[in-house]
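Chain by chain, the residues:
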Amino acid sequence: MAKKIMVQGTMSNAGKSFLAAGLCRVFKQDGYRVAPFKAQNMALNSYVTREGLEMGRAQVVQAEAAGVEPKVAMNPILLKPNSQTGSQVIVNGEILGNYSAEEYFTRRRELMPVVEKALDELDREYDIVVIEGAGSPAEINLKENDLANMGIARMAQAPVLLVGDIDRGGVFASLYGTVKLLEPEEQSLIKGIVINKFRGDKTLLEPGLAMLEELVEIPVVGVVPMADIDIEDEDSLAERLNRRERKAGTDIAVIRLPHLSNFTDFDVLERLDGVSLRYVEEAGELGLPDAVIIPGTKNTMSDLKWMRENGLADRIRELSALDIPVVGICGGFQMLGKRLSDPYGVEHKGTMDGLGLLDAKTVFSREKVRTRARGKMADTLPGWELLSGAETEGYEIHMGVTRNLGGCREIMYSQEEGHPALGLGNESGTVIGTYLHGFFDAPGMAERFAAQVESRKRAETEPACPVGEVHDWKRYKEEQYDRLAQLVRSSLDMDKIYEILGILKTSELDRTGEHR
């Protein structure tokens, strides 16, 4: 039976996902088989497993840190908001249905066996399960049939680390208030407190830590400093989505849609030297970029309507007429066509004109496409010569099927026999689209794309921009996970963490990582 530990926070964005990933890496380095787990995740950033099932990307990041293959048992329930009050509910990687918040709340008891089964599966396969909570355990209006925090801690019999974000201020009040709003039985599950995102001299913090320990009778097991460690953000609270200003270099503008999903598609582009990637919400913010990307969305038709109402749709068409590249990914790809049709009411019911930049039509279907895919760019790509013949891979998650009406060029082919084209473009090469999430992650793809965009804006008499150094992004991610583990080791009392887990202290492990 696996040992378990749970990371809960006083609020969203306290750093639960970050620290859970760090603990996964530490335990892996110490020789344990480790799995992450989050019973219920609300996020628009999702991933497709090898089995073609959908799960939240936060647990994928944690699985990568643990060095294991992601599986839906690590995130059995995924809520993908599609309105202000409702979500698409994904259970065990497949759609259960669309529910209002009230409807879902009344059905949570029915989902408890799903969570128990997923935990049992991980229990049999791993030595340690690192469980992440959601929001705050002190959301006393939502405690009935809790599938996020203390309900899961009780189910898993997992000791809890409570994390507070000191960077936002009021950390002592939030930690004290969180503990005291819990029932005595729940308070007893909290075995350690962690202060996260600290800046400054820790000695100035120590009197407050001692007072907090005395007030709540729970030890502070660590203070984690603010650190520049580059791992994937979980969802829409990511600070990078607030980047608005244009900086020096190749200017790539990403439309920040209301239901923006899988913005992690652009992580690699953001890391490239000489690339300025920014997010825009208004037509006036676009200016004259070197390229525009319309990203994925959980609600294509609603977000297309939003773009029309705020002037972004017209402005994107104007930029395309100036031969500025426009790229669509998943929902953004669907928007590029002439027409969108939703006969079954999957999103908006009825039909809607698209941006008209591609001679294509999208029809929404009841079945969601969830698949991994390996693609190869066409050998001849007008306007995108640096991408010609390049190979890439990723995954598709979408409800619609997009059909070429005859005027599109197939720009990317699947390497699996019988699979339809993975990307379409117009004849001049100014507009391209694909369903493939992770398109830029393949070795050299982001570098080629950025160099091509830079070349296109130059005068024809100037030489093409070189692709430059091709980065090994997988190796880069592994280095970041190791840095995160080092931060956790240096900030937390790991002997105390192992004691909480009921495992031999790290000092009692031999140098090979094997247990005595």
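Residues numbered from 1 in each chain as written. Predicted model: local features only at pLDDT ≥ 70, side-chain atom pairs only at ≥ 80, totals over all residues. Heavy atoms only, no water.

### Details of the pattern of salt bridges
Then, number 1: The full count for this structure, using the stated rule, is 33 salt bridges.
Then, number 2: With its nearest N and O atoms 3.2 Å apart, the salt bridge here joins Arg154 to Glu186. Taken together, the residues span a long stretch of sequence, with Arg154 in helix 4 (residues 150–156) and Glu186 in helix 6 (residues 184–187) at a distance of 32 residues.
Then, number 3: Close ionic contact of Lys457 with Glu454 constitutes a salt bridge, the shortest N to O distance being 3.3 Å. (Salt bridge = Lys/Arg side-chain N within 4 Å of Asp/Glu carboxyl O. Helix = DSSP H or I, 4+ residues; strand = E, 2+ residues; numbered from the N terminus.)

### Observations regarding the packing of aromatic side chains
Then, number 1: Applying the stated criterion across every chain yields a total of nine aromatic pairs.
Then, number 2: On the basis of an interplanar angle of 80° and a centroid distance of 5.6 Å, the ring pair of Trp473 and Tyr476 is categorised as edge-to-face. Placement of both Trp473 and Tyr476 in helix 14 (residues 473–491) is noted, with a separation of three residues, approximately one turn of the helix.
Then, number 3: For Trp473, a relative accessible area of 9% corresponds to the buried category.
Then, number 4: In this structure an aromatic cluster arises from ring pairing among Phe266, Trp384, Phe439, Phe440 and Phe449.
Then, number 5: Sitting above the plane of the Trp384 ring, Arg456 keeps its charged end 5.1 Å from the centroid. (Phe/Tyr/Trp six-rings, centres within 6.5 Å; stacked < 30°, edge-to-face > 60°. Buried < 20%, exposed > 50% of the residue type's maximum accessible area, 1.4 Å probe, protein only. Lys NZ or Arg CZ within 6 Å of the ring centre and 35° of its normal.)

### Digging into the UniProt feature "domain: CobQ/CobB/MinD/ParA nucleotide binding" (unreviewed entry) in the chain
Then, number 1: UniProt records the feature "domain: CobQ/CobB/MinD/ParA nucleotide binding" (unreviewed entry) for residues 5–228 in the present numbering.
Then, number 2: Between the C-alpha atoms that bound residues 5–228 there is a distance of 25 Å. The span itself is 36% helix and 28% strand. (UniProt positions renumbered as here; feature names shortened; annotations may be inferred.)

### Comments concerning the side chain of Asn45
Then, number 1: Summarising the element assignment, Asn45 is placed in the loop between strand 3 (40–42) and strand 4 (46–48).
Then, number 2: Residue Asn45 is classed as buried on the basis of its relative accessible area of 1%.

### Looking at the sheet that holds strand 10 (residues 160–165)
Strand pairing in a sheet is mediated by backbone hydrogen bonds. Such pairs are either parallel or antiparallel.
Then, number 1: Judged by pairing direction, the sheet is parallel, and its six strands sit side by side in the order 2-9-1-10-11-12 without closing on themselves. Since the sheet does not close on itself, it has two edges, and those belong to strand 2 (34–37) and strand 12 (220–225), each with one partner. Direction aside, the axes of adjacent strands within the sheet are offset by 20° on average.
Then, number 2: Of the pairings in the sheet, the one linking strand 11 (residues 190–198) to strand 12 comprises four bridges and is parallel in character. Each residue of the ladder has a partner; that of Ile193, found in strand 12, is Val220. (Pairing = 2+ DSSP bridges. Axes fitted to C-alpha atoms, helices over the stretch in contact; angles between N-to-C directions.)

### Side note on the UniProt feature "active site" (unreviewed entry) in the chain
Then, number 1: Per the UniProt record, "active site" (unreviewed entry) is annotated on Cys330 and His437. Over a stretch of 108 residues, the named residues converge on one spot in the fold, their C-alpha atoms separated by at most 7.3 Å.
Then, number 2: Checked against the element boundaries, Cys330 lands in the loop between strand 18 (326–329) and helix 12 (331–336).
Then, number 3: When near neighbours in sequence (up to four residues on either side) are disregarded, Cys330 contacts Gly296, Ile397, His398, Thr434, Tyr435 and His437.
Then, number 4: Secondary-structure assignment places His437 in the loop between strand 25 (431–434) and helix 13 (445–456).
Then, number 5: In terms of polar contacts, His437 uses its side chain to reach the side chain of Asp265, at 2.8 Å. (Contact = heavy atoms within 4.5 Å. Polar contact = N/O pair within 3.5 Å; in protein donor to acceptor, adjacent residues only side chain to side chain.)

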